[in-house]
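Report on the structure
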Amino acid sequence: MRTENIWADTIDKAAEKILQTLKEKTNTTRTVGSRDNVFYFDGWDGLGASAVLRAIAQRLATTSADGKRALAEQEFDQVIHIDCSMWESRRVLQRLVAEQLRLPDQVMELFDRQDEEDDFHGVAPGSRAEVQQVVREMHQHIKKLDNRFLVVFHNGSSEEIDLASLCGFPLSGYSTSKVLWTFQGRFRLKPRTKVETAMKTAGTTDVFLSAYPLRKMREELWPYLVLQEAAEVVAARKVKTGSAGIIDQPEQVVECFLYMWELCCIRSQWIDYELDTHITNYWVCDGVIHQQLQQGQRDDGLWRAADALQFEMPLDADYHQYLLSPHLAKFVKSKPFWSSPTCGFTRISDRAIPNGGMFQHYADKLSVLKLSGCTFDFQAPPFLCCHSLRFLWLDHCQGTRTNTDVAGKQEDIHRCFQRLWVLDVRYTDCDQILSAQMLALMTQLRELNVIVAHGWDMGQLQGRLPNIRKLRVKKSYHVRSSCSENDLFSEMNKMEHIDFSRNYRTGGSSPMMSLFGPGVSSNVSCLETVVIIVDGCDVVQQISFRGCTKLNNLLLGGGMGIHTLDISGTAVKTLDLSTIYIRHLDELYLLDCEKLCAILWPPKEQMKQEGLGLGKLCIDTTQSAPTAQSREENPKRGTSTATAGTSVAPAAAPHGSRPSSEFDWHISVRDARLLGSLEPVYSDSRKAYVEISSPHPTVVGGGSKDEGIFKSAGSREQQLVVNLQRQPVPAVYTDISVDRLQQASEGGGDTLGIMWMWPCPDVPDLPEKRCYMHIQDQIKTKLPPGGEETSTITVPEFVTGSAKILHVHDSPSITSITSDEYGSVWPDLEWCRIERCPNLNFVFDNVEDLEFAYELRIFWASQLLKSRYISTSNEARAFPNLALLHLDFCPRLIHVLPLTMVEEEDSLRLLETLEIAWCGDLREIFPFEGAKPYSKDFPKLKSIHLHELPSLQHICGVRMSAPNLETVKIRGCWSLRRLPDIGRSNKVVECDCEKEWWDRLEWDDRSQADNYRPIHPRYYKKTMLRSSVLR
């Protein structure tokens, strides 16, 4: 890497010199080994670099004739200007480049798709890498354009970025494209050694450019550069918000910067102002950022403007500290003093007690005051005369009761503490300064920091500090609460940030057993961030921020002894438990967490066996947070949506004899990908009830424009009328069925008589360790314009492996249900009901070379308009336990369960009931794949009901034996020619069927017909007119 110097006194002059340098390098002869593609500009010792790069991009902008001319002179075809000064991630950078390259919409959608996947894998936004498929698309796109690019890049990260590998730009060999970049945006004042260290991460930079004054001294140039950087900040705020807001002039930003820089210098001598925590407080309290407020107007905008400015101006002050020696620094800090950023520093004699006269001269000027190592009466402090005091910091101070005129100063005390906005108490006795009496005065306090308190009663906060936004209680001992933890933060409805970190050995007479957020006892909460890092706090057993609807950032750490964690009704997207050591967590509640995508657990070696010991797990992402407010305090779910779904047949009890709320694990998710987070804590012994449905089962869906399941309104019988009237194959009984359905919808008839004979059995009981999972089909797949939206449910393998019950219903868009490893395989499933899913293609999608026997006993499918197969291929799989098979309204179904010679002896040996209705394309129920046996035995089969199957040719593709058959009812199956062989016995089975159909049956032996007694209905065809209609 070569170094070159740019001599200039202004931003425009530096931009001109750099453009000349880029052009000179372009005109040189190129070879394969040439390395003049990537240029880094460091500005004037870091300052001004961002402004120079922006000036270059503006000179070459094609929006003006001058810009087009300048671009042509530089021999570039296109300028890509990327400002990532406020760094987010490599993926955000890649997206910004893709937008400027104007990549097709289908490529841009890859970003959203990958972001969504990363959300459900718990990948932090700042850690998201580039999308490799997009890299390939970008490379092909750039190659096709065949343009010569200049990429101007403001790199806000802490490492060098290789744009060739991230964005596909050709930057080696004979390529003449260029990259001009700088580090970390505006106000970057880091030593060059740190810059050079960071640039070694990729090693792609060819030339290092530095700017030096041409005619001015550095001291003269420095104010000019700071003003230019400030202008960059104001411009950036306008781009992000549409307006700069309160801070709309560069001079305001300069004032804030110089204030912060001055505090850095003071800190380097003897005082630590803790700028990371308090710089925005200093700006506002000391009037550096100010705003004229009308009467009754709130000042929140002032603080938010300060927070935004701090984000845009990340001064790395640690690299500009001329620190004293450790021994001298310790000596200086141990001396009593008072200080203010505005009024300076004053040493106090060791034995002197501060009094009012000490601050009298600053009564109207002192807005920020830090007292360190001082002793005074907290009930009558010496700073009562400071009428402008907004920020009070007490560090290592001690209280006395030497003032006898406290009563006479009550009004002054009230005014003083009522005006406070920020109070920071460290290594100081809190019993007096943070007593209930004093806290009641602080009605305007916005921020309270309590560091290293001993035995403080937090219960005194109850019902006080109504304006508080930030509360930090850190590194404290024996913290207790004399009030109910539920009401500790009552009246603090504006709270935005809580930090309860590294508090040790809570105990005492009233130890804090629980920590509750302000949303628990209030319907209004502004809480956004909670930081809890607890070490050794075994007494705290319950943490709840239930109902804090704006809480989106929960940071937990340390070793916790909590038993219950409840963040129901919050906006948390990722619950990160990976940085904490939880020894006794037994209950976790995440109800009404609509935005929840991932749960990150501690390392496996730190977790207990059998699911971390979680006895109770409640998750619900299908409902929004406001719903949580109307729920009972006990977080139990009501009856599942399975009971709400309607059908012609009586619905089975959704959960057998137990409501879903009684499941110890109750999970209801909007997206099945969230279930992947549970795998580390899911026990193989826990059996699951899985329910899948749409959130609003009122959408008309069907295989064609004439087919549908639902109307937007109407009874369950009316919902089937359209299907009956739009059968793809002519049906004999359509008119009769429609009449009966319409009668039933009017309360005049019973639909069961013509539809099916047996209701779906109840679900089986599950063992004591059980789990209820409800999944909504929310994963949409976008098709070309005019196409139909579909969705695929991908269920984790541990779910399909543990599921005993599966109920899929009322899903207009779902096309398949698969696992992430073995396709749609549910080996332990016993009870399965699939209904009203018009786009479902199949139920079981078997993977080759996987042999096992299904545990399935009950299978019930209804209104699957596009399903052509129930099982796509059986391979070496058997259904030895299947007892009931019911299908209705599956018009495109070709076959049900294919059989093979490998498992034919075991498969279907326990089948007792076979009922199929209104499946117009069904040709064979149990076809054989490959070689066929001579016959197939159904030793337990008792009942057969086949209704309106005009294409059905065979029940089974070979001779069928059913010695225990008891009931046969057949209507509209005109292509079926054979019935099962009952065997040589005196048994006679009633066969309810049409006479014409019975007369056309084929028998291997006529004696087989003697085992059946046909019963023919009187009316089974549409009534014909008896007289002529001709006149």
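Structure shown above.
The notes below deal with the structure included here. Residue positions are given per chain, counting from 1 as you read along its sequence in written order. It should be noted that, the model being predicted, local features are given only for residues of pLDDT at least 70 and side-chain atom pairs only at 80 or more, the latter also being counted only at that level, while totals for whole chains, interfaces and linings use all residues. Just so you know, side-chain values use all the structure's heavy atoms and leave hydrogens and water out.

1. Digging into the overall build of the protein
- The helix count covers DSSP runs of H or I at least four residues long, the strand count covers runs of E at least two residues long, and both are numbered beginning at the N terminus. The number of helices and strands found in the protein is 23 helices and 47 strands.
- Burial statistics for the protein: of 1031 residues in total, 55% are counted as buried.
- For the protein, restricting intrachain contacts to residue pairs at least 6 apart in sequence, the fraction spanning at least 24 positions comes to 72%.
- Carbon and sulfur atoms make up 47% of the accessible area of the protein, which totals about 44,200 Å². Categorising residues by exposure relies on relative accessible area from a 1.4 Å probe, with only protein chains included: less than 20% of the type maximum marks a residue as buried, more than 50% marks it as exposed, and the intermediate range marks it as partly exposed. In what follows, a contact means two residues having at least one pair of non-hydrogen atoms within 4.5 Å. Exposure was quantified through the Shrake-Rupley algorithm and a 1.4 Å probe, taking into account, for residues, occlusion by the shown protein chains and nothing else.

2. Here we look at the environment of Tyr427
- Tracing the backbone through its elements, the reader meets Tyr427 in the loop between strand S13 (422–426) and helix H16 (430–433).
- The exposure class assigned to Tyr427 is partly exposed, which follows from its relative accessible area of 42%.
- Distance from Tyr427 to Lys475, taken between C-alpha atoms, is 9.9 Å for residues 48 residues apart in sequence.
- Ignoring any residue separated from it by four or fewer positions in sequence, one finds Tyr427 in contact with Asp395, His396, Cys397, Ile451 and Val452.

3. Focus: the sheet that holds strand S4 (residues 149–155)
- In space, the six strands of this open sheet follow the order S1-S6-S2-S5-S4-S3, with parallel pairing throughout. Pairing within the sheet leaves two strands with one partner each, and these edge strands are strand S1 (2–7) and strand S3 (78–84). The sheet shows a mean angle of 20 degrees between the axes of neighbouring strands, direction not considered.
- Two strands qualify as a pair provided DSSP detects at least 2 bridges between them. Examined bridge by bridge, S1 and strand S6 (residues 207–212) share six bridges and lie parallel to one another. Counterpart to Trp7 in the pairing with S6 is Tyr212.
- Angles shown run from 0 to 180 degrees and are taken between the N-to-C directions of axes, each axis being a line fitted to C-alpha atoms and, for helices, limited to the stretch in contact. The sheet strands contacting helix H2 (residues 49–59) are strand S2 (38–41), S3, S4 and strand S5 (178–183), and the helix crosses S5 at an angle near 150 degrees.

4. Considerations on the nonpolar core
- Ranked by internal contacts, the top residues of the largest apolar core, which has 165 residues, are Phe383, Phe417, Phe859, Ile925, Phe926 and Leu946.
- A domain-level breakdown of this core finds at least three residues from each of domain 2 (504–625) and domain 3 (871–1030).
- Sequence-distant contacts of Leu946, defined by excluding residues within four places in its chain, comprise Ile916, Ile925, Leu952, Ile955, Lys969, Ile970, Arg971, Cys973 and Leu976.
- Among the nonpolar cores identified, the runner-up in size contains 65 residues, and Leu71, Ile247, Val253 and Trp283 belong to it. Throughout, nonpolar core names a set of buried Ala, Val, Leu, Ile, Met, Phe, Trp, Tyr and Cys residues whose side chains join them through atoms within 4.5 Å. In this entry, domain limits derive from an automatic or database-based domain assignment.

5. Topic: the pattern of salt bridges
- Take a side-chain nitrogen of Lys or Arg and a carboxyl oxygen of Asp or Glu: if they are within 4 Å of each other, that pair is a salt bridge. Scanning the model with the defined rule gives 36 salt bridges in all.
- Of the charged contacts, one joins Asp112 and Arg95 as a salt bridge, the two residues approaching to 3.0 Å between their closest N and O atoms. With a gap of 17 residues between them, Asp112 in helix H5 (residues 105–120) and Arg95 in helix H4 (residues 90–101) connect regions that are remote in the sequence.
- Note on Asp112: relative accessible area 47%, which makes it partly exposed.
- Assessed through its relative accessible area of 22%, Arg95 is described here as partly exposed.
- Across the pair Arg128 and Asp115 runs a salt bridge whose closest N-O atoms are separated by 3.7 Å. Taken together, the residues Arg128 in the loop between H5 and helix H6 (132–145) and Asp115 in helix H5 connect sequence positions 13 residues apart.
- A cluster of three or more residues bridged by salt bridges with shared partners is formed by Arg91, Arg95, Asp112, Asp115, Asp118, Asp119, Arg128 and Lys573.

6. Observations concerning the side chain of Asn449
- With respect to the element layout, Asn449 can be found in strand S14 (residues 447–451).
- At 3.4 Å, the side chain of Asn449 and the side chain of Asp424 are in polar contact.
- The residues touching Asn449, leaving out its near neighbours within four places in the chain, are His278, Leu423, Asp424, Val425 and Arg472. Under this definition, polar contacts are N or O atom pairs within 3.5 Å; protein pairs additionally need one hydrogen-donor-capable and one acceptor-capable atom, and for neighbouring residues in sequence, both atoms have to be side-chain atoms.

7. Some remarks on the packing of aromatic side chains
- Two aromatic rings, drawn from Phe, Tyr or Trp (for Trp, its six-membered ring), form a pair once their centres lie within 6.5 Å of each other, and the interplanar angle then sorts them: stacked below 30 degrees, edge-to-face above 60, tilted otherwise. Inspection of the entire model under this criterion finds 24 aromatic pairs.
- Between the aromatic rings of Trp181 and Phe183, the centroid separation amounts to 5.0 Å while the plane-to-plane angle is 75 degrees, which identifies the pairing as edge-to-face.
- Of the residues examined, Phe183 reaches a relative accessible area of 2% and is grouped as buried.
- Arranged with centres 6.2 Å apart and planes meeting at 80 degrees, the rings of Phe376 and Phe383 form a pair that is edge-to-face. Each member of the pair, Phe376 as well as Phe383, is classed as buried.
- Through pairs of rings, three or more aromatic residues link up here, namely Tyr40, Trp181, Phe183 and Phe208.
- Across from the ring centre of Tyr224, 5.6 Å away, lies the NZ or CZ of Lys216, which sits over that ring. For a Lys NZ or an Arg CZ to count as sitting over a ring, it must be within 6 Å of the ring centre and within 35 degrees of the ring normal.

8. Some words on the packing of H4 against H6
- Interhelical geometry of H4 versus H6 gives an angle of 30 degrees and a closest axis separation of 11 Å. H6 is crossed by H4, and the crossing has left-handed handedness. Residues Gln94, Val97, Ala98 and Leu101 of H4 pack against Val134, Val135, Met138, His141 and Ile142 of H6.
- Residue composition of the contact of H4 with H6, by class: seven nonpolar, two polar and no charged. A crossing counts as left-handed when the near helix is turned anticlockwise from the far one by less than a right angle, and as right-handed when that turn is clockwise. Basically, the charged four are Asp, Glu, Lys and Arg, the nonpolar ten are Ala, Val, Leu, Ile, Met, Phe, Trp, Tyr, Cys and Pro, and anything else, Gly included, counts as polar.

9. Here we look at the side chain of Asp286
- Inspection of the secondary structure assignment puts Asp286 in the loop between helix H11 (275–285) and helix H12 (300–312).
- The positive count covers Lys and Arg only, the negative count covers Asp and Glu only, and His and the chain ends enter neither. An unpaired buried charge is present at Asp286: no salt bridge exists, and Arg390, the closest side chain of opposite charge, is 9.8 Å distant.
- In this view, Asp286 contacts Tyr259, Asn281, Pro341, Thr342, Ser367 and Val368; residues no more than four positions away in its chain are not counted.

10. Quick word on the pairing of strand S32 (residues 803–809)
- The buried fraction of S32 is high, at seven of seven residues.
- Pairing of S32 with strand S34 (residues 831–835), which is carried by five bridges, proceeds in the parallel orientation. Bridge assignment links Leu806 to a residue of S34, and that residue is Cys832.

11. Digging into the packing of H5 against H6
- Running from amino to carboxyl end, H5 crosses H6 at an angle of 155 degrees, the nearest separation of the two axes being 9 Å. By the criterion of interaxial angle, the relationship of H5 to H6 is roughly antiparallel. For the crossing formed where H5 meets H6, the hand is left-handed. Mapping the contact onto sequence places Val107, Leu110 and Phe111 in H5 and Gln133, Val134 and Glu137 in H6.
- Looking at side-chain class alone, the contact of H5 with H6 contains four nonpolar, one polar and one charged residues. Relative orientations are named as follows: roughly parallel for angles under 35 degrees, roughly antiparallel for angles over 145 degrees, roughly perpendicular for angles from 65 to 115 degrees, and oblique for any other angle.

12. Digging into H6
- The length a helix should cover is 1.5 Å for every residue beyond the first. With 14 residues, H6 should reach 20 Å at 1.5 Å per residue; the first-to-last C-alpha distance of 20 Å fits that figure.
- Of all the residues in H6, the buried ones are Val134, Val135, Met138 and Ile142. Down the axis of H6, the sector holding all buried residues measures 105 degrees, keeping them to one side. Seen from the open side of H6, the exposed residues pointing more than 90 degrees away from its buried face are Arg136, Lys143 and Lys144.
- Of the residues flanking the end of H6, it is Asp146, one or two places downstream, whose phi is positive at about 55 degrees. To obtain the arc, one takes the directions from the helix axis to the C-beta atoms.

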